[in-house]
Amino acid sequence: MTSRKRQAADSLLPVRSAKYQRTEENQGIWNRWRQLGTDAFTLGYETVRLGYLSLMNSSQNPGRSQITSQQSEKPNQTGFLPSQATHLALPPRQSIPEEFHKPKDSQPVAGLSRLSSSLLSCSESSNALNGNGNSPPSTLTGHTSVTPVPSTSKEHIQHSQSYDFIGNSVHRRGVVGGIRPRQSRDHIYARVHRAKVQEDRKKDREELVQELFHYKRSTGYTSDFDSFKSLINYQARLEILERHALSPSPSLTDLRAKQSLPGHSRRHSFSDDVDPDFLERALRKAKKSFELPPPKPFSPSHDRLRLSARHRDEAIEKRLRPRLPKALPPDADTQVNALLCKKGVISKVARESVNDRDISRLLPSQWLNDEIMNFYGAMILTRSESNRDPTAKRKMLDVHYFSTFFWPKLKNEGYEQGRLAKWTKKIDIFSKDIILIPINHNNSHWTGAAINFRQKRIESYDSMNLDRHQVFKALRSYLDSEHRNKRKKPFDFTGWQNHNPEDTPQQENGYDCGVFTCQFLESLSRGEEGFRFSQRDMTYLRRRMIWEIGHAKFLDGP
């Protein structure tokens, strides 16, 4: 095999011309020194010129120099110096307002996380870099200064909204300092434990109520266990209202509230959440009554003879005045059912009227409202005025009846501010035999009061047997103010007493106080000293009151 030799003229590598042409006089070195001198002169000229412009700007804005020197300590975040054309086109910078300077003692906003703060600072720096012409960079040091002039570009608005959204979400999640606080979790059996504790408390409370119910039954309580539970709840709430003088609880039905559904009555539910301390106090009180030593036997003496004579008188009075019947006559009971089915206005007397919603309050287990109380009082006043004739069959007392709105005026506003003198402008209460006053305590309980001029007594009748000293005090003040207004002299209380009889009939549930109060006032208007009714007569008396209100007259007989 024959081989062909490479010709000497062929080059092994590509030929490259030299960067600087070599000449005999070394002209390439001189050209390089000449270019270097030109660059140095240009750099020095630009430096002197920029320093002169900065000096002129500082002389025009002397307060700006200090701020510029402070901001110049911050490192340049852009990484390059601004061009000469940019500074020629920019106007001189204005001073930053004082409200944008953060005081030294200012604290960061509570709950603002480290992440949201860094995002906001990034948004400000990006705003200065991305075309915001209102924040020019420094001319000497090349550091970027941020001015508080907001940008109106769409891109900036979107970024700021996104940063605000992230900051708010981080704040809502409770992240503080970039670290989420540790949340304590309940034990796996915590819910079961709480349920068991509630069940044990309810069981203990039920046992206390049962034990107290047995003690009450042995002392003469006649109602069932459900009525006793409602009575306990009612007593506990009234005790709280009387002790702390609070407004009634929302769970306690308002006696003056209108029924939401007209014509429909309902049984009021009672909560079983009674304070165990109240039950223990009631139980200790009941046990204490059994632990008292038996009374000493009476020896044949004058006291013994007086007691036996009083028992004989009571027995004779019971025979002469029999107990109340258990039900109305058949024809009257049929009329009561017809009245309950009637709609609209049921009856009117004087200025008072009742409708179907008011009359439904007399159904079992319902509280009475102002309309029923005032209507019944108007009937008492009308009967008293019609029986002033000496030839009348039954001699009634000369009474005056104040409406249910009298007591709130007297208690809350007083005699002068409540303008109670106008309530008796056409009557003289000092010429009456007795003044009857229904009282609503804390909008949760009805009681009856009376000013008895015949026996010189201020009387209070409460079916819950609570302390009513404020009633006596308020009525004495009213008597004195009324006497000063009408007779122009103080009232003489010589011989007057506060009367709160211990044998007042007591209710055995939490909703019959209004019926008891109406019967108290009706019996007092007839001059009776004692009351013949009790808790067992409430069903009959409710039906009887429906008949009496529907016919606007009292039913003859017992």
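Look up a bit, the structure's there.
Worth saying up front: this structure is predicted, and the values here are computed from it rather than measured. Counting of residues starts from 1 at the beginning of each chain's written sequence and follows it residue by residue. Residues qualify for local features only when their pLDDT is at least 70, as the model is predicted, and side-chain atom pairs are given and counted only at 80 or more; totals for whole chains, interfaces and linings, by contrast, use all residues. To obtain the side-chain values, all non-hydrogen atoms of the structure were used and water was disregarded.

Colleague: Looking at this structure, how should I read a nonpolar patch on the surface?
Modeller: Patch definition: residues with relative accessible area over 30% and no salt bridge; like charges joined within 9 Å; nonpolar side chains (Val, Leu, Ile, Met, Phe, Trp, Tyr) joined within 5 Å. Areas reported here follow the Shrake-Rupley algorithm with a probe of radius 1.4 Å; residue values treat only the protein chains shown as occluding. Here a salt bridge means any side-chain nitrogen of Lys or Arg lying within 4 Å of a carboxyl oxygen belonging to Asp or Glu. Taken together, the side chains of Ile29, Trp33 and Leu36 make up a nonpolar region of the molecular surface, amounting to roughly 360 Å² of accessible area. Strands are runs of DSSP state E lasting at least 2 residues, helices are runs of H or I lasting at least 4, and numbering of each runs from the N terminus. Within the fold, tryptophan 33 resides in helix α1 (residues 27-60).

Colleague: Looking at this structure, I do not really get the pattern of salt bridges. What am I missing?
Modeller: Where side chains of opposite charge bring their charged atoms close, a pairing between them can arise. Inspection of every chain in the model, using the stated rule, returns 15 salt bridges. Put simply, aspartate 480 and arginine 484 hold a salt bridge, and the shortest N to O gap is 2.7 Å. Of this pair, aspartate 480 and arginine 484 both sit in helix α14 (residues 469-487), four residues apart, roughly one helical turn. Relative accessibility thresholds used throughout: buried, under 20% of the residue-type maximum; exposed, over 50%; partly exposed, between the two (1.4 Å probe, protein chains only). A relative accessible area of 45% means that arginine 484 is categorised as partly exposed. Within this structure, Arg383, Glu522, Arg526 and Glu528 form a network of salt bridges that share partners.

Colleague: Please explain the packing of aromatic side chains as it appears in this structure.
Modeller: A ring pair, where both rings are aromatic, is described by two values, the distance of the centres and the angle of the planes. Between rings of Phe, Tyr and Trp, where Trp is taken as its six-membered ring, a pair exists when centres lie within 6.5 Å; planes separated by under 30 degrees are stacked, by over 60 edge-to-face, and by other angles tilted. Inspection of the entire model under this criterion finds 24 aromatic pairs. Residues phenylalanine 402 and phenylalanine 406 carry aromatic rings whose centres are separated by 4.2 Å and whose planes lie at 5° to one another, so their mutual orientation is stacked. This pair shows no difference in class: phenylalanine 402 is buried, exactly as phenylalanine 406 is. With centroids separated by 4.7 Å and ring planes inclined at 70°, the aromatic side chains of phenylalanine 491 and phenylalanine 493 adopt a geometry described as edge-to-face.

Colleague: Sorry if this is basic, but what is going on with the pairing of strand β5 (residues 445-452) here?
Modeller: Regular strands show a simple pattern: their side chains alternate between the two faces of the sheet. Counting buried residues in β5 gives eight out of eight residues, a clear majority hidden from the surface. Going residue by residue along β5, you find His445, Thr447, Ala449 and Ile451 tucked away on one face and Trp446, Gly448, Ala450 and Asn452 tucked away on the opposite face as well. A pair of strands is treated as paired once DSSP finds two or more bridges between them. Examined bridge by bridge, strand β4 (residues 434-441) and β5 share eight bridges and lie antiparallel to one another. When the bridges of β5 are listed, leucine 436 appears paired with alanine 450. Counting the residues between successive antiparallel strands, the hairpin from β4 to β5 contains three residues, one of them, asparagine 442, with a positive phi of roughly 55°. Relative to strand β6 (residues 457-461), β5 is paired through five bridges, and the arrangement is antiparallel. Paired with alanine 449 across the strands is serine 460, a residue of β6. A loop of four residues connects β5 with β6, the two strands running antiparallel in sequence, and lysine 456 in this loop sits at a positive phi of about 55°.

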